[in-house]
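Letter by letter, the chains look like this.
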Amino acid sequence: MTVQLNHTIVVAHDKRASARFLADLLGLEVSPPYGPFLPVEIPNGVTLDYMDSPGAITPQHYAFLVSEDEFDVIFGRIREAGLTYWADPFHSRPGEINHNDGGRGAYFDDPDGHRLEIITRPYGSGG
């Protein structure tokens, strides 16, 4: 058997709002609840299982590899929603995208401060 990431838990103050936020931007569906989790399945079979947490949330980073066409659509949704986006993970280049490895990338935050990223080329793939 090959090792594959199957799922990860994403803590949120409102799992429904956070799952819907991600699904709407990426053009995905929120799956039915599974126990305390509200999954959003990514097309490669990995699920982000949102779970409510009343306490402080430590921001995590989630990067999504997308095609050039998908980038255009998702980035359009980010701009349409009026979200702040950055070209870098340190939030020092607001309102810009990057062109790392000959592709395009952008960072934006979800409602709980998780750092989300869309990229069209894997890091280190050249350019």
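Residues numbered from 1 in each chain as written. Predicted model: local features only at pLDDT ≥ 70, side-chain atom pairs only at ≥ 80, totals over all residues. Heavy atoms only, no water.

- Under an unreviewed UniProt entry, the name given to the chain is VOC family protein, and the organism recorded is Streptomyces violaceus.

1. Remarks on the pattern of salt bridges
- For the structure shown, the criterion picks out five salt bridges.
- Glu 68 is the partner of Arg 104 in a salt bridge, and the nearest nitrogen-oxygen pair spans 2.8 Å. Pair noted here: Arg 104 is in the loop between β5 (85–86) and β6 (105–109) and Glu 68 is in helix α2 (residues 68–80), with a separation of 36 residues, a long-range link.
- Residue classification places Glu 68 among the partly exposed residues on the basis of a relative accessible area of 36%.
- The salt bridge partner of Glu 96 is Arg 93, with a shortest N-O separation of 3.1 Å.
- Given the relative accessible area of 35%, Glu 96 is considered partly exposed.
- On the accessibility criterion, Arg 93 (34% relative accessible area) is partly exposed. (Salt bridge = Lys/Arg side-chain N within 4 Å of Asp/Glu carboxyl O. Helix = DSSP H or I, 4+ residues; strand = E, 2+ residues; numbered from the N terminus. Buried < 20%, exposed > 50% of the residue type's maximum accessible area, 1.4 Å probe, protein only.)

2. Some points on α2
- Here α2 contains 13 residues, and its C-alpha end-to-end distance of 18 Å stays within 8% of the 18 Å for a straight helix at 1.5 Å per residue.
- Buried residues of α2: Phe 71, Ile 74, Phe 75 and Ile 78, and no others. For α2, the buried positions fall inside an angular range of 100 degrees around the axis, keeping them on one side. Among the exposed residues of α2, those pointing more than 90 degrees away from its buried face are Asp 69 and Glu 80.
- Gly 82, located one to two residues past α2, shows a positive phi value of around 75 degrees. (Expected span 1.5 Å × (residues − 1). Arc of directions from axis to C-beta.)

3. Focus on helix α1 (residues 15–26)
- Taking 1.5 Å per residue, twelve residues should reach 16 Å; α1 reaches 16 Å between its end C-alpha atoms and fits that length.
- Among the residues of α1, Lys 15, Ser 18, Ala 19, Phe 21, Leu 22, Ala 23, Leu 25 and Leu 26 are the ones counted as buried.
- One side-chain oxygen of the residue at the start of α1 lies 3.2 Å from the amide nitrogen of Arg 16, identifying that residue as Asp 14. (Polar contact = N/O pair within 3.5 Å; in protein donor to acceptor, adjacent residues only side chain to side chain.)

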